[in-house]
Amino acid sequence: MTNIAVLGFGTVGGGVVELIDANQDAIRKRLPEGLYVKYILDIRKFPDSPYGGRVVDDINRILEDPEVSVICETMGGIEPAFSFTKSALEHGISVCTSNKELVAARGTQLMEIARAHGASYLFEASVGGGIPILRPLRDSLAQEEITGITGILNGTTNYILTKMDQEDASFDDVLKDAQAKGYAERNPEADIEGKDACRKIAILSSIVSGKSVRYEDIPCEGISEITKADHAFAKLAGCRIRLLGTYRKSGEAVFARIAPYLVPEDHPLYSVSGVFNGILIHGNMVDDVMFYGQGAGRYPTASAVVSDVMTLAAADGKCVSTEWSEEKLTLTNAEREKNTFFVRLPDSRLDAAKQLFGDTIVKTLGSLGGETGLILGPMTEEVFGTVIQALPEAAYLRML
Ligand SMILES: NC(=O)c1ccc[n+]([C@@H]2O[C@H](COP(=O)([O-])OP(=O)(O)OC[C@H]3O[C@@H](n4cnc5c(N)ncnc54)[C@H](OP(=O)(O)O)[C@@H]3O)[C@@H](O)[C@H]2O)c1
């Protein structure tokens, strides 16, 4: 029997405990000795829960029990999650987590501590919720040179963009609806400003590059400025707007970005709607591989946490993988990245735009509500940024 402890008996932690009970038969097919949740750490007591007798309030009870071999950290936040994880790893106890904030901010350091103490720090649930993505990248695609990642990595923003598109609704109205339904948090900043997705593309970029990518170095734009007009023009162009995390490697140049993009209807991510996530990986030999599923939620996220526990239990105490080194990956200056752009501007400024953009205009989408939409061919961010300054009335989005 592998004894585990769960830190934080909330949405994900509660799901981990329930899943291990409900799926014990499935678990025993791979791990005949089974898994058992010996402790649950939380600030509150849970007298009405069938698991209430296992709830403790002192991390040392767990760290000092030699029977505990794996800890699931599902508390979230930086502290005390970081201190508890560090102490566990220093005691040689491996840790699995869904805490993307902690992985993105201190993951490199925690992996070093794990290595030094013969333990493992795994975080499948930190990207894509229930979608298996980190282990396939590390194992099934280990032989590939990964040259591209394009992902819808945040279900809340995808839900908002989908609703705005389907119901011709404003950002503010859909955000309120998403909060009422529990799809968006009361303080939605981390989601709508792209920070949550940014942490995830930083984790994915670190895994495929083998070096530490700081999320603070990644240009990050959210969706709060997206309007009904953007969606109307996207439809005219045969596209949908999606918040994408991108990683591109071309020779020595490496770019990463979070931004809303127009996604054309022949692209695999076009159909990823609502709270779902989709991640398209491009390998130099395998070509495109797509991962799709529930990017969050109690049981999908718990499933990913338990998959890490299973991996560790099957490894029978051996250290499982080192995800990336301490060496920092220096991203190429984002101004050098080439993109194609959609621009909308007042009809009265069309002649000025034609003069400024010249041959780079590949399509005029026509006029809607007094504005004209243009699609521009590929150019560097630097060139586009310089030209668009001369059109302060214009709004723009990137295109896939
Ligand atoms: N929910 C999802 O769908 C999802 C998906 C992917 C990743 N994640 C990540 O998973 C982590 C957990 O998310 P969640 O939604 O499960 O959060 P949650 O529902 O708020 O659960 C966290 C639990 O930890 C407890 N806790 C907080 N501080 C503690 C402390 N010092 N000692 C012991 N227990 C403590 C909380 O107690 P109180 O309630 O009393 O504060 C709560 O029961 C976060 O990092 C989140 O980003 C969540």
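Preceding block: the structure.
1. Let's talk about the sheet that holds strand β12 (residues 338–346)
Taken in spatial order, the 9 strands of this open sheet run β11-β10-β7-β8-β9-β15-β12-β14-β13, and their pairing is mixed. Every other strand in the sheet has two partners, leaving β11 (287–294) and β13 (361–368) as the edge strands with one partner each. This sheet shows a mean twist of 25 degrees between the axes of neighbouring strands, independent of strand direction.

2. Digging into the nonpolar core
By size, the foremost hydrophobic cluster in this structure holds 79 residues, and its most contacted members are Ile62, Ile71, Tyr121 and Ile160. Contact partners of Tyr121, with chain neighbours within four places excluded, come to Thr85, Leu89, Val95, Thr97, Leu102, Val103, Gly107, Leu110, Met111 and Ala114. The next biggest cluster of nonpolar side chains, apart from the first, holds 31 residues, and it includes Phe9, Leu35, Ala302 and Val306.

3. Quick notes on the pairing of strand β15 (residues 395–399)
In this structure, strand β9 (residues 253–264) lies alongside β15, joined through 2 bridges in parallel fashion. When the sheet's bridge partners are listed, Leu262 is paired in β15 with Met399. Direction of pairing for β12 relative to β15: antiparallel, over a ladder of 5 bridges. Bridge pairing in β15 places Phe342 opposite Leu397.

4. Let's talk about the site of the ligand
Around the ligand sit 19 residues in total, of which Thr11, Val12, Asp42, Ser98 and Gly297 are the nearest. At 2.7 Å, a side-chain N or O of Ser98 approaches an oxygen atom of the ligand. One nitrogen or oxygen atom from the main chain of Gly297 is found 2.7 Å from an oxygen atom belonging to the ligand. For the ligand, whose unbound accessible area comes to 890 Å², protein coverage reaches 71%. Along the lines of polarity and charge, the residues of the shell around the ligand split into 7 nonpolar, 9 polar and 3 charged.

5. Examining the packing of helix α1 (residues 11–22) against helix α12 (residues 298–315)
Packing of α1 against α12 brings their axes to within 8 Å, and their N-to-C directions diverge by 70 degrees. It follows from the interaxial angle that α1 and α12 lie roughly perpendicular. Viewed along their axes, α1 and α12 form a crossing whose handedness is right-handed. Contact residues: α1 offers Thr11, Val12, Gly14, Gly15, Val16, Glu18, Leu19 and Ile20, while α12 offers Arg298, Tyr299, Thr301, Ala302, Ser303, Val305 and Val306. Classifying every residue of the contact of α1 with α12 by side-chain character gives 8 nonpolar, 5 polar and 2 charged.

6. Description of unusual backbone geometry
Excluding glycine, residues mostly carry a negative phi; peptide bonds, for their part, are mostly trans. In this structure, Pro80 follows Glu79 across a cis peptide bond, with omega equal to 5 degrees. Positioned with a positive phi, Asp168 is a non-glycine residue whose angle comes to about 50 degrees. By relative accessible area, Asp168 is classed as exposed at 52%. Positive phi outside glycine occurs at Asp287, with the angle close to 70 degrees.

7. What to know about the layout of surface pockets
Once rolled over the atoms, a probe with the size of a water molecule shows which space is left empty. By volume, the largest pocket amounts to about 1100 Å³. Lys100, Glu185, Asp191, Asp196 and Ala296 are, among the 37 residues lining the largest pocket, the residues nearest its centre. Of the residues contributing to the lining of the largest pocket, the split by class is 10 nonpolar, 18 polar and 9 charged. The residue makeup of the lining of the largest pocket includes at least three contributed by each of domain 1 (2–130 + 298–315) and domain 2 (135–293).

What counts, and at which threshold
- Residues numbered from 1 in each chain as written.
- Predicted model: local features only at pLDDT ≥ 70, side-chain atom pairs only at ≥ 80, totals over all residues.
- Heavy atoms only, no water.
- Pairing = 2+ DSSP bridges.
- Helix = DSSP H or I, 4+ residues; strand = E, 2+ residues; numbered from the N terminus.
- Axes fitted to C-alpha atoms, helices over the stretch in contact; angles between N-to-C directions.
- Core = buried A, V, L, I, M, F, W, Y, C linked by side-chain atoms within 4.5 Å.
- Buried < 20%, exposed > 50% of the residue type's maximum accessible area, 1.4 Å probe, protein only.
- Contact = heavy atoms within 4.5 Å.
- Near = heavy atom within 4 Å.
- Polar contact = N/O pair within 3.5 Å; in protein donor to acceptor, adjacent residues only side chain to side chain.
- Areas by Shrake-Rupley, 256 points an atom, 1.4 Å probe, with all protein chains shown as cover.
- Nonpolar A, V, L, I, M, F, W, Y, C, P; charged D, E, K, R; others polar.
- Parallel < 35°, antiparallel > 145°, perpendicular 65-115°, else oblique.
- Left-handed = near helix turned anticlockwise from the far one by under 90°.
- 1 Å grid on protein atoms, 1.4 Å probe; cavity = no way out; pocket = protein on both sides within 12 Å on 5 of 7 lines; lining within 4 Å.
- Points joined across faces, edges and corners; volume = space filled by probe spheres on them.
- Domains from an automatic or database assignment.

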